[in-house]
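# Structure at a glance
For reference, the chains in residue letters:
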Amino acid sequence: MKTYLRHRILNVIDVKELLALEYLDFEGRYKEYVESHGFWELCYIEKGQISLLLKEERITLLEKELILIPPDCSHSYSSGKGNENRAFVICFESPSHTLKPLGGIHFTADESQLYCMERMIEESRHTFRMNENDLLEVVDLPNFGGQQMIILQLEYLLISMLRRLSSEKNAGIVFLSGEKFYSDLTAVIINYFRENIHDQLSLDDICSKFNYSRSFLCKTFKKQTGESLIACFNRLKIDEAKKLLEETALSAADISGSLGFSDAKYFGVLFKQHTGLPPIIYREQHTKNKQKN
């Protein structure tokens, strides 16, 4: 009898809830108002062009373009007088950290993405409506499976946008998958530390690079290695400092600066915590041991 392997499916994008599916019709001058909410908002320009104020940046969105607005990000739409412009907006809840690099980036939709938008708009017409209180509710006789169809198309669209972004040159983003996700993630982070051993990296820098929240990344790394992200980075810096003290004539202050430490005194304290010796004494002891051998 043939043996089948079971594969647990890894959902890289998980849309939990829909909060709004509606057209924004810009007939004449649209009264601009600023809003901010705790969920994602996808805006698709179906016709004409619309001006978006995202935080303090003004973005002109053209026909067939998409933009994803992150949670808790202030934004407002406006349109020039006398123009017929129309946008379709989808507001949704998702815990997926992989969405983070898409925030604020706008694309011209390709054929597959246009198809997704058309299917979502068509399904939404027969599944949901916005009531008089501007809240999303199910219509009386909704399409069978309509809600799931909208979610599936939306998740497909978001994955295609992430693939497109990650394929661009100098995208600077990393996505991981597979059964060894956590160990792979930890290994990639440590390798990233080694490649950037001479730089200053904050927790925000690290989280931004790997597209995960601070709480998730810190908890995962600590569980895998037994030390914090910054503690690991500093330990690797001290290992590099030991090599430089052993193999070069650079002063402790020069080594401190080359490894991204802004305070030579702090470097000396950290070095002693890891080795039990100040940098200069460490070099002298290494030289003596080398001469004996």
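Here the structure is shown first, and the text comes after it.
Here the residue numbers are simple positions, counted from 1 along each chain's written sequence. Note on the predicted model: pLDDT of at least 70 is required for a residue's local features to be given, and 80 or more for side-chain atom pairs to be given and counted; whole-chain, interface and lining totals, by contrast, use all residues. Side-chain metrics in this entry use all non-hydrogen atoms of the structure; hydrogen atoms and water are not considered.

## Considerations on the sheet that holds strand 3 (residues 49-54)
Applicable threshold: Two strands qualify as a pair provided that DSSP identifies no fewer than 2 bridges between them. Note on conventions: DSSP H or I runs of at least 4 residues are helices, E runs of at least 2 residues are strands, and numbering of each starts at the N terminus. Between N-to-C directions, angles span 0 to 180 degrees; the directions come from axes that are lines fitted to C-alpha atoms, helices contributing only their stretch in contact.
Judged by pairing direction, the sheet is antiparallel, and its 3 strands sit side by side in the order 4-3-6 without closing on themselves. Of all strands in the sheet, those with a lone pairing partner are strand 4 (57-62) and strand 6 (75-78), marking the two edges. On average, each strand axis in the sheet is tilted by 25 degrees relative to the strand beside it, whichever way the strands run.

## Description of the environment of D199
Applied cut-off: Each residue is placed in one exposure class: buried if its accessible area under a 1.4 Å probe, protein chains only, is under 20% of its type's maximum, exposed if it is over 50%, and partly exposed if it falls in between. Two residues qualify as a contact provided that any one of their heavy atoms is within 4.5 Å of a heavy atom in the partner residue.
Among the secondary structure elements, D199 is positioned in the loop between helix 3 (181-195) and helix 4 (203-210). Judged by relative accessible area, which is 35%, D199 ranks as partly exposed. Leaving out residues up to four positions away in the same chain, D199 has contacts with F233, K237, L259 and G260.

## Regarding the environment of K242
Turning to its location among the elements, K242 is positioned in helix 6 (residues 229-247). For the pair formed by K242 and Y282, sequence separation is 40 residues and the distance between their alpha carbons is 8.1 Å. If sequence neighbours within four positions are ignored, K242 has contacts with F271, T275 and Y282.

## Here we look at the pattern of salt bridges
Defined as follows: When a carboxyl oxygen of Asp or Glu lies within 4 Å of a side-chain nitrogen of Lys or Arg, that pair is called a salt bridge.
Within this structure, the stated rule accounts for 9 salt bridges. Ionic pairing is found between R86 and E46, a salt bridge with its closest N-O pair at 2.8 Å. Residue R86 is found in strand 7 (residues 84-93), and its partner E46 is found in strand 2 (residues 40-47); the two are separated by 40 residues along the sequence. Across the pair R119 and E123 runs a salt bridge, and its minimum N-O distance is 3.2 Å. Here R119 and its partner E123 are both found in helix 1 (residues 111-125), 4 residues apart, which amounts to about one turn of the helix. Overlapping salt bridges bring together R129, E137 and D140 as one network.

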